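Spelled out, the chains give:
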Amino acid sequence: MLFVLLCATGGALLAATAIPVAAAAGATTNAMTGLFEDLPTDIDFTQPSQQSTLLSADGAVITRFYAEDRVVVKSEQISKFIKDAVVAVEDQRFYQHNGVDAQGIIGAIVNNITGGNLAGGSTITQQYVKNALLEEGRIAGDQEKIDAATETTLARKLNEARYAVALENKATKDQILTSYLNMAQFGPSQWGVESASMYFFGKHAKDVTLAQGATLAALTQAPNYWNPEKNPQGAQERRDMVLAKMLEQGKINKKQHDEAVKTQMKDLLKITPSKNGCAAAGIYAHYCATTVNDLLQSDLLGKTSTERANRLYRGGLTIKGTVVTKDQRAAFDALTERVAVNDASGAQAALVSVEPGTGKVVAMTQNTHYGEPTEKDPSRTTINLSVGQDQGGGVGFQSGSTFKMFTLVTWLAKNHSSYERVNTNHRLFPASSWTNSCFPNQVADYAPYNAEGGGRGYTSVRVATAESINVGYAEMANQLDLCDIWKTANAMGVRRGGLTTEKDLKDPVVSAAKTQVGQPLPLIPTPAMVLGTNSVTPLSTAQAYAVLAAEGKRCEPITFTDIKDADGKLLGTNKSTCAQVIDSDLARQTTNILQGVSAAGLSDRPSAGKTGTTDESKNVWFAGYTPQRATAVWVGHKDGERTLNYTEFNGVYYGEVYGSSIPAPIYRSYMTNALSDEPALPFKQPTKIDTPPPPPKVDVPDVIGEPYEAAVQQLYAAGFKVTLTGTLEGSQDRKVLRQSVSGKAEEGTTIELVVSMPPEKKSDTAPEKKPNTSGGKSQKQKTRNN
């Protein structure tokens, strides 16, 4: 066999050298004889690193992740031009030898003994072995293996030869060549011919031309030097040398050779960089970063962080994300139409949308580019504004009146009615008036203001919700246990963005909530909590509103659904953890009320939601939902709070800014476009109908004997309507003789009057006068949306 001949030939050659090397020659001959008699059997090398791919839910490539830009392909997916070119220039006797080329390795031995260079002499099989051993070291992060695979010693050459001969005994030539073409470096940052073909020519390895195949083969000895992008002239000369060898060895004919040589390098190239990492993911970048964060914490990729990172960056995985291409585009367009990237206002905006009942994040974007800020792109950031610090985000933002939803849910859960009337006038709620059974020390005097600074007396909870009247909601919370509201918010999933530190453990709320270091900070259960003073994340806000859309079922948000390995085998499925956290009918009742928020209205389908505005309009929100989507929109400043009032956004000037001003139109635009192909589903009606109580009965003024005009004024002021049903002629004074109702009656009742009146002034109608049913207040007081 070849390796026996190799030993004998090597021994004879060494014996013929000068006397000073005779001893070494004998030792080398004996070592080689034993070396090839004991061939290794453990030659199943680690699979080479491959790029992993993140897809959208509908199959579009979002980005790729790789330590080495490689896509492993099958033999039939590699052009014969590439195979023939590589064999011609790297190992023309590839199909004749058994893994070791006698001429090459003997030359290396002689060079070693005489102090020459060990370079050269390696067959394609040996080169594959070297690359495979080197790759094993890279994947394992084992520097000793890497050094062993690259050391310039005869021992390494002989070890490669042993593996090469063993490999040839196990695999076919085509398998070995295909493995080499997938393993070797064919560009400055490209490994394997598929990635190199895509990068240099914008086409798959199976589709390259002869000239392109020869160009790739020319790269392997010095990928950086012969790089056709940086050194087109040198690369063309090297390519032509490869073509000459192919002609010489009969792999192509003269006509093919001449046509290929005529092709200029610049005409071959179509540089197509491969996406790598989240920075290359465009409008998906921040979603991508959070998905990577989630993947690196997932047991589906391994038990340790090192194993997970290796799997992601070297494993050739296909990861199916949850975002929907149409939704993501609709989200980004809706945001930037109102608040542009690097907007003159200096404000940032974020939108996140989840699918109720599954927890899938279908859209997650913001009006910033991904990366570190620059002078030309000052808003650029790696922070995902939609999530908390545990997912690569920030500490969150004060939620304003979007938090009122949790008081509303608790109110209804305690069997209160949405038609109960609450006092909306500004006043002090003393500490002693609050109940907080979980955290009794977290109460204090509280005197909230409405957005317009005043109040409008008693009004229903429905009106207080629709018009977002702060004091009305403080009144509701004052009648409840703050602990119950706090529990409702936690159960529905809203959470702060910041993480608990060792210092935080001394806080009584953190201690009582049993929050551990590294976990999200607990909500602060003070009276001010009711109006949204906790800094929460847009994602958790969307999740909480999705509970209502899913009729009480809470599902933890997920950013990916399944992972497949390089062979397409399913490694695992990522499913959300779901639980029924509030009664389904309670969710329906709440939705019925939140549909009354005018800003939530969509033109083509039912929608419900709530605006949010913090003090001085430093943060403005809208959170809303349909049965198919729950969405949160935030606008503010990521680096410190400051007012948004009296500012120009994307060329449009705004005075006072509210949740209804910018976030609500963003919500409506996004939902309309994202759901344009979806059916307009109705919300289910609650089985417990929350109906308005009968109007209260009030005293009817006794106006008999009163002048007619004065009587009408008294009755209107008391909330009644008036009609004149009769007169008695002949009397010269206009006084009321009879009234149809006395005692008590419901507001709005029509009182019929009979009056005395001169004959010439008969009339069968009351004077034209619009009734004032506001309890004597003639001017409607507006409560701005907060």
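A brief structural summary. Note that residues are indexed from 1 along each chain, following the sequence as it is written. Per-residue local features of the predicted model are confined to residues with pLDDT of at least 70, and side-chain atom pairs are confined, for both listing and counting, to 80 or more; whole-chain, interface and lining totals are unaffected and use all residues. To get the side-chain values, take all heavy atoms of the structure and skip hydrogens and water.

Before going further, it helps to examine the overall build of the chain. What counts as a helix is a DSSP run of H or I of at least four residues, what counts as a strand is a run of E of at least two, and both are numbered from the N terminus. Per the secondary structure count, the chain includes 25 helices and 25 strands. For the chain, the share of sequence-separated contacts (at least 6 apart) that also reach a separation of at least 24 residues comes to 72%. Note on areas: Shrake-Rupley with a 1.4 Å probe; residue coverage comes only from the protein chains shown. As presented, the chain carries roughly 34000 Å² of accessible surface, and 50% of it is formed by carbon and sulfur atoms. Should any heavy atoms of two residues lie within 4.5 Å, those residues are counted as being in contact.

With that settled, the discussion passes to the pairing of strand S3 (residues 318–321). Within a regular strand, the side chains alternate between the two sheet faces. The side-chain alternation of S3 yields one buried face, formed by Ile319 and Gly321, and one unburied face, formed by Thr318 and Lys320. Strand pairing is defined by DSSP finding a minimum of two bridges between the two strands. Note that strand S1 (residues 52–55) and S3 share 3 bridges and pair parallel. Paired with leucine 54 across the two strands is isoleucine 319, which belongs to S3. Pairing of S3 with strand S13 (residues 560–564) involves 4 bridges; the strand directions are antiparallel. Using a 1.4 Å probe on the protein chains alone, a residue whose accessible area is under 20% of its type maximum counts as buried, one over 50% counts as exposed, and one in between counts as partly exposed.

Between the N-to-C directions of two axes lies an angle of 0 to 180 degrees, each axis being a line fitted to C-alpha atoms and, for a helix, fitted only over the stretch in contact. Closest axis-to-axis distance for the helix H16 (residues 325–338)/helix H24 (residues 663–674) pair is 9 Å, and the angle between their directions is 150 degrees. Taken together, the axes of H16 and H24 are roughly antiparallel relative to one another. Along this stretch, H16 crosses H24, giving a crossing that reads as right-handed. Contact residues: H16 offers Lys326, Asp327, Ala330, Ala331, Ala334, Leu335, Glu337 and Arg338, while H24 offers Pro665, Ile666, Ser669, Tyr670, Asn673 and Ala674. Orientation is classified from the angle alone, with under 35 degrees giving roughly parallel, over 145 giving roughly antiparallel, 65 to 115 giving roughly perpendicular, and any other angle giving oblique. Crossings are assigned a handedness: left-handed for a near helix turned anticlockwise from the far helix by less than a right angle, right-handed for a clockwise turn.

Let's shift gears to the pattern of salt bridges. When the charged atoms of two side chains lie near each other, side chains of opposite charge can form a pair. Salt bridges are counted wherever a side-chain nitrogen of Lys or Arg sits within 4 Å of a carboxyl oxygen of Asp or Glu. One pass over the full model with this rule turns up 29 salt bridges. Residues aspartate 240 and arginine 239 are paired through a salt bridge, measuring 2.8 Å at the closest nitrogen-oxygen approach. Residue arginine 239 is classed as buried on the basis of its relative accessible area of 0%. The partner of aspartate 604 in a salt bridge is arginine 605, with the nearest N and O atoms 3.4 Å apart. Note on aspartate 604: relative accessible area 34%, which makes it partly exposed. Look at the salt bridges and you will find they share partners, linking Glu68, Arg70, Glu135, Arg138 and Arg314 into a network.

Glancing now at the environment of alanine 474. As for its placement among the helices and strands, alanine 474 is situated in helix H19 (residues 470–478). The exposure class assigned to alanine 474 is buried, which follows from its relative accessible area of 1%. When the C-alpha atoms of alanine 474 and alanine 528 are compared, they prove to be 8.4 Å apart, with 54 residues separating the residues in sequence. Setting aside anything within four residues of it in sequence, one finds alanine 474 in contact with Phe429, Trp434 and Pro448.

To continue, consider the sheet that holds strand S2 (residues 61–65). By definition, the strands of a sheet pair up through backbone hydrogen bonds, in either a parallel or an antiparallel sense. Taken in spatial order, the 5 strands make up an open sheet running S2-S1-S3-S13-S14, and their pairing is mixed. A strand with exactly one partner marks an edge of an open sheet, and here the two such strands are S2 and strand S14 (570–573). On average, each strand axis in the sheet is inclined to that of its neighbour by 20 degrees, with strand direction left out of account.

The method works on a 1 Å grid over the protein atoms by themselves. A cavity is a set of points holding a 1.4 Å probe that cannot get out, a pocket is an open set with protein on both sides within 12 Å along at least five of seven lines, and residues with an atom within 4 Å of a point line them. Grid points are joined across faces, edges and corners, and a volume is the space filled by probe spheres set on the points. Within the structure shown, the criterion is met by 2 cavities of 30 Å³ or more. Surrounding the largest cavity, 13 residues form its lining, Gly357, Gly359, Gln543, Ala546 and Cys555 being those nearest its centre. Those elements giving two or more residues to the lining of the largest cavity turn out to be helix H22 (538–549) and strand S12 (553–555). Classification used: nonpolar for Ala, Val, Leu, Ile, Met, Phe, Trp, Tyr, Cys and Pro, charged for Asp, Glu, Lys and Arg, polar for all others including Gly. Counted by class, the lining of the largest cavity contains 6 nonpolar, 4 polar and 3 charged residues.

This paragraph deals with the pairing of strand S17 (residues 620–625). With 6 of 6 residues buried, S17 lies mostly within the body of the structure. Residues Val620, Phe622 and Gly624 line one face of S17 and the alternating positions Trp621, Ala623 and Tyr625 line the opposite face, and both faces are buried. Remark: 6 residues form the turn of the hairpin made by strand S16 (residues 608–613) and S17, two consecutive strands paired antiparallel; glutamate 616 in that turn has positive phi of roughly 60 degrees. Pairing of S17 with strand S18 (residues 630–636) involves 6 bridges; the strand directions are antiparallel.

Attention shifts here to the sheet that holds S17. With respect to topology, 5 strands assemble into an open sheet ordered S5-S4-S18-S17-S16, the strand pairing being antiparallel. Where the open sheet ends on each side, the last strands, each with one partner, are strand S5 (361–366) and S16. Pairwise comparison of adjacent strand axes, ignoring direction, gives a mean angle of 5 degrees for this sheet. One ladder, built from 5 bridges, connects strand S4 (residues 348–354) with S5; its direction is antiparallel. Bridge pairing links valine 352 to methionine 364 in S5.

This brings us to the state of the cysteines. We call a pair of cysteine sulfur atoms a disulfide when they lie within 2.5 Å. For the coordinates displayed, the defined rule picks out 3 disulfides. Here cysteine 278 is linked by a disulfide to cysteine 288, with a sulfur-sulfur distance of 2.1 Å. Looking along the S-S bond of the cysteine 278-cysteine 288 disulfide, the torsion reads about -75 degrees, which is the left-handed sense. Here the residue cysteine 278 occupies a position in the loop between helix H13 (265–268) and helix H14 (285–295), and cysteine 288 occupies one in helix H14, the gap between them amounting to 10 residues.

Scope: geometric values only; no functional claims are made or implied.
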